[in-house]
Amino acid sequence: MNYEYFIAKRIIGSKAYKSSISAPIIKIGIAAITIGIVVMMIAIATGIGLQQKIRDKVVAFNGHVIITNYDSNNSQESGVPISTKQDFYPEFKSVDGIKHIQAVATKFGVIRTETDFEGLVLKGVGGDYDWSYFKEFLVEGRVPDYTQKRNEDVLMSQYIANRLGFKLGDTFQMFFKKDDPEKLPNIITYKIVGIYNSGFQDLDATYVIGDIRHLQRINRWEDDQIGNFEVFIDNYNDLEEKGIEVFKAIPSVLDAKTVTQNYYSIFEWIKIFDKNIYGIIGIMILVAGINMITALLVLILERTQMIGILKALGSNNWSIRKLFLYNASYLIVLGLFWGNLLGLGLLFAQKQFKLFPLDPSVYYVTEAPVYINLGYILALNIGTLVLCLLMLLVPSYIITKISPVKAIRFE
């Protein structure tokens, strides 16, 4: 029989244990574990959630890998056109892990109303465009259909619509400058068929999505000429590897850059979240461990006579240490239980009801996103339990210094 476990269970279940001097210290230790788990869970869920949300929004507007011409044009406007007559289009078969490739073009224009004007970038897309991201962002109307004849339907952000006083179904004129500044600009009347809100204000304030064939006509391009290709991959974790493979697979006159290279500052910023998460986890485990060490020492002090009796009856030091470690394990597991209950409750509430909003101009999202995954929850619980028990091995060593004779006479 595992008598250490048996005695530990009897101690835990006794009424004297629950009303003893050590009870407040034990409750503090359990509370420390509970609060630690809640804080760590929220830190991981919101940190990873924010990283993924920002990453997905940038990818929605640019793709994972962007293929362009080598030219000196560093603006957001398409310069030298690329022919769609490429071996990698419309299917990128030479590289594994490519989910989709689409042809797009961009051109700077000005929307003018009776009272205001706004400089924007019209992103021209065609029938091959993947609307799955924007369907998630859609707040009103529908996404345009460019699979049939050329049309003037556009998708506009809620941010721009509010600034200019537009609503779903409105029409507006957009002016595009010609190469010859002395000539009148090209004017196209567009109709808003959908309004989206990605929450990424920098991008929402920049792009209107329209038919690429208008830009081909304005730029006097052929039907097979576009501004650049956007490549989407299956697994974001393979981004750098796939970026290199795509670069090697395209003709030497073309360039390929990953979205992290084009938006370096944003992706470097969200990497800082990892350091914050590790820092919070380290601090919380340390605080929880110190509280449990305190609780264990109080338990040992309270049970000094019992330790002396067990030693007198022949129990070795390790057996008695195991007894108290079983006791401490129960307290840790109790704290983990309440921590998981509270932590998961808060995370699911945020996921469902969006309780905590964020400033999109700072965080690029309108509410705190959460990422809930069984893997990191189990790892967090097991890691906390193991590390706390390892931290308790050192203070439990004090049991080896207790003399049976002095312990039995201890008052």
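Residues numbered from 1 in each chain as written. Predicted model: local features only at pLDDT ≥ 70, side-chain atom pairs only at ≥ 80, totals over all residues. Heavy atoms only, no water.

A.B. asks: Break down the overall build of the protein for me, citing the residues and quoting the values.
C.D. replies: Scanning the protein from N- to C-terminus turns up 15 helices and 12 strands. Taking 22 Å as the expected radius of gyration for a compact globule of 411 residues, we find that the protein reaches 31 Å, considerably beyond that expectation. Projecting the C-alpha coordinates of the protein onto the three principal axes gives extents of approximately 105 × 50 × 30 Å. Expressed as a percentage of the 411 residues in the protein, the buried residues total 47%. Long-range pairs, those at least 24 residues apart, make up 77% of the contacts in the protein with a sequence separation of at least 6. Counting every atom, the protein has about 21,300 Å² of accessible surface; 58% of that belongs to carbon and sulfur. Looking at the protein, you have 41 positive and 40 negative side-chain charges, and the mean spots of the two groups are 14 Å apart. (Helix = DSSP H or I, 4+ residues; strand = E, 2+ residues; numbered from the N terminus. Rg over C-alpha atoms; globule rule 2.2 N^0.38 Å. Buried < 20%, exposed > 50% of the residue type's maximum accessible area, 1.4 Å probe, protein only. Contact = heavy atoms within 4.5 Å. Areas by Shrake-Rupley, 256 points an atom, 1.4 Å probe, with all protein chains shown as cover. Lys, Arg positive; Asp, Glu negative; His and termini not counted. Charge placed at Lys NZ, Arg CZ, Asp CG, Glu CD.)

A.B. asks: Requested: an account of the pairing of strand E9 (residues 207-211), with residues and values cited.
C.D. replies: Within E9, five of the five residues are buried, which leaves it mostly tucked inside the rest of the structure. Across five bridges, the pairing between strand E4 (residues 117-125) and E9 is parallel. Across the sheet, the residue bridging to Lys123 is Ile209, located in E9. Both strand E6 (residues 153-157) and E9 contribute to a ladder of two bridges, which runs antiparallel. Paired with Leu155 across the bridge in E9 is Ile209. (Pairing = 2+ DSSP bridges.)

A.B. asks: Quick one: what's the story with helix H3 (residues 23-62), residue by residue and with numbers?
C.D. replies: With 40 residues, H3 ought to run about 58 Å at 1.5 Å a step, and its terminal C-alpha atoms sit 58 Å apart, in line with that. The first or second residue beyond H3 is Gly63, which carries a positive phi of 85°. (Expected span 1.5 Å × (residues − 1).)

A.B. asks: Please give an account of a nonpolar patch on the surface that cites residues and values.
C.D. replies: A grouping of Leu374, Leu378, Ile382, Val386, Leu387 and Leu390 is seen on the molecular surface, where their side chains present a nonpolar patch of about 560 Å² in accessible area. Along the chain, Leu390 falls in helix H14 (residues 374-396). (Patch = residues over 30% accessible without salt bridge, like charges linked within 9 Å, V, L, I, M, F, W, Y side chains within 5 Å. Salt bridge = Lys/Arg side-chain N within 4 Å of Asp/Glu carboxyl O.)

A.B. asks: Mind laying out the environment of Pro395, listing which residues take part and the relevant values?
C.D. replies: Mapping Pro395 onto the fold places it in helix H14. Apart from the residues within four sequence positions on either side, Pro395 is in contact with Ile293, Leu296, Leu297 and Ile300.

A.B. asks: A description of the side chain of Glu230 should follow, citing residues and the corresponding values.
C.D. replies: Mapped onto the elements, Glu230 comes out in strand E11 (residues 228-233). The buried category is assigned to Glu230, whose relative accessible area is 3%. Setting aside its immediate chain neighbours within four residues, Glu230 contacts Phe61, Asn62, Gly63, Val65, His100, Ile101, Gln102, Val104, Lys123 and Tyr129.

A.B. asks: Give me the lowdown on the packing of H3 against helix H12 (residues 317-353), citing residues and values where you can.
C.D. replies: Remark: H3 packs on H12, axes separated minimally by 7 Å, with the N-to-C direction vectors making an angle of 40°. What the angle tells us is that H3 and H12 run oblique. Here H3 runs over H12; the crossing is right-handed. Residue composition of the contact of H3 with H12, grouped by class: 17 nonpolar, five polar and no charged. (Axes fitted to C-alpha atoms, helices over the stretch in contact; angles between N-to-C directions. Parallel < 35°, antiparallel > 145°, perpendicular 65-115°, else oblique. Left-handed = near helix turned anticlockwise from the far one by under 90°. Nonpolar A, V, L, I, M, F, W, Y, C, P; charged D, E, K, R; others polar.)

A.B. asks: Now, about H12: what can you tell me, with residues and values included?
C.D. replies: For H12, which comprises 37 residues, the first-to-last C-alpha distance of 53 Å matches the rise-based estimate of 54 Å (1.5 Å per residue) to within 8%. Structurally, the start of H12 carries an N-cap: the backbone nitrogen of Trp318 is 3.2 Å from a side-chain oxygen of Asn316. Following H12 by one or two positions, Lys354 has its phi on the positive side, about 55°. (Polar contact = N/O pair within 3.5 Å; in protein donor to acceptor, adjacent residues only side chain to side chain.)

A.B. asks: Explain the pattern of salt bridges to me, and be specific about the residues and the numbers.
C.D. replies: Close approach of charged atoms lets side chains of opposite charge pair. In total, this model carries 11 salt bridges according to the counting rule given. One salt bridge connects Glu118 with Arg163, and the closest N-O pair in it is separated by 3.2 Å. One end of the pair, Glu118, is in strand E4; the other, Arg163, is in helix H5 (residues 158-164), and 45 residues separate them in sequence. Where Arg213 meets Asp211, a salt bridge forms, and the shortest distance between an N and an O atom there is 2.8 Å.

A.B. asks: An account of the pairing of E11 is needed here, citing residue identities and associated values.
C.D. replies: Every other side chain in a regular strand lies on the same face of the sheet, so the side chains alternate between the two faces. Burial analysis of E11 places six of its six residues in the buried class, which makes it a mostly covered element. Residues of E11 alternate between two faces, with Asn228, Glu230 and Phe232 on one and Phe229, Val231 and Ile233 on the opposite face, all of them buried. In this structure, strand E1 (residues 65-69) lies alongside E11, joined through three bridges in antiparallel fashion. Across the sheet, residue Ile67 finds its bridge partner in E11, namely Phe229. Looking at chain direction, strand E3 (residues 98-112) and E11 are connected through six bridges and run antiparallel.

A.B. asks: Give me the packing of H3 against H14: which residues, what numbers.
C.D. replies: Between H3 and H14, the least distance of the axes is 11 Å, while the angle of their chain directions is 140°. The handedness of the crossing between H3 and H14 comes out as right-handed. Residues Ile33, Ile37, Met40, Met41, Ile44 and Ala45 of H3 form the contact with H14, whose participating residues are Tyr376, Ile377, Leu380, Asn381, Thr384 and Cys388. Of the residues belonging to the contact of H3 with H14, the class tally is 10 nonpolar, two polar and no charged.

A.B. asks: Provide a residue-level description of unusual backbone geometry, including the pertinent values.
C.D. replies: Residues Tyr89 and Pro90 are joined by a peptide bond in cis, for which omega reads 10°. Take Pro90: it is sitting in the loop between strand E2 (82-83) and E3. The backbone of Lys354 sits at a positive phi, close to 55°, despite the residue not being glycine. Locating Lys354 in the fold gives a position in the loop between H12 and helix H13 (360-363).

A.B. asks: With reference to specific residues and values, describe the packing of aromatic side chains.
C.D. replies: Inspection of the entire model under this criterion finds 20 aromatic pairs. Centre to centre, the rings of Phe172 and Tyr190 are 5.9 Å apart; their planes meet at 40°, and the pair counts as tilted. A residue pair is termed long-range when its members are at least 10 positions apart, and Phe172 in strand E7 (residues 171-176) and Tyr190 in strand E8 (residues 186-196) qualify at 18 residues. Note on Phe172: relative accessible area 4%, which makes it buried. Considering the side-chain rings of Phe200 and Tyr364, the 4.3 Å spacing of their centres and the 25° angle between planes classify their relative orientation as stacked. Of the two residues, Phe200 sits in the loop between E8 and helix H6 (201-204) while Tyr364 sits in the loop between H13 and H14, which places them 164 residues apart along the sequence. With respect to burial, Phe200 and Tyr364 carry one shared label: buried. A network of ring pairs unites the aromatic residues Phe61, Tyr129, Trp131, Phe134, Phe137, Tyr146, Tyr196 and Tyr207 as a single cluster. A cation over a ring is seen here: Arg55 above Tyr236, with NZ or CZ 4.1 Å from the ring centre. (Phe/Tyr/Trp six-rings, centres within 6.5 Å; stacked < 30°, edge-to-face > 60°. Lys NZ or Arg CZ within 6 Å of the ring centre and 35° of its normal.)

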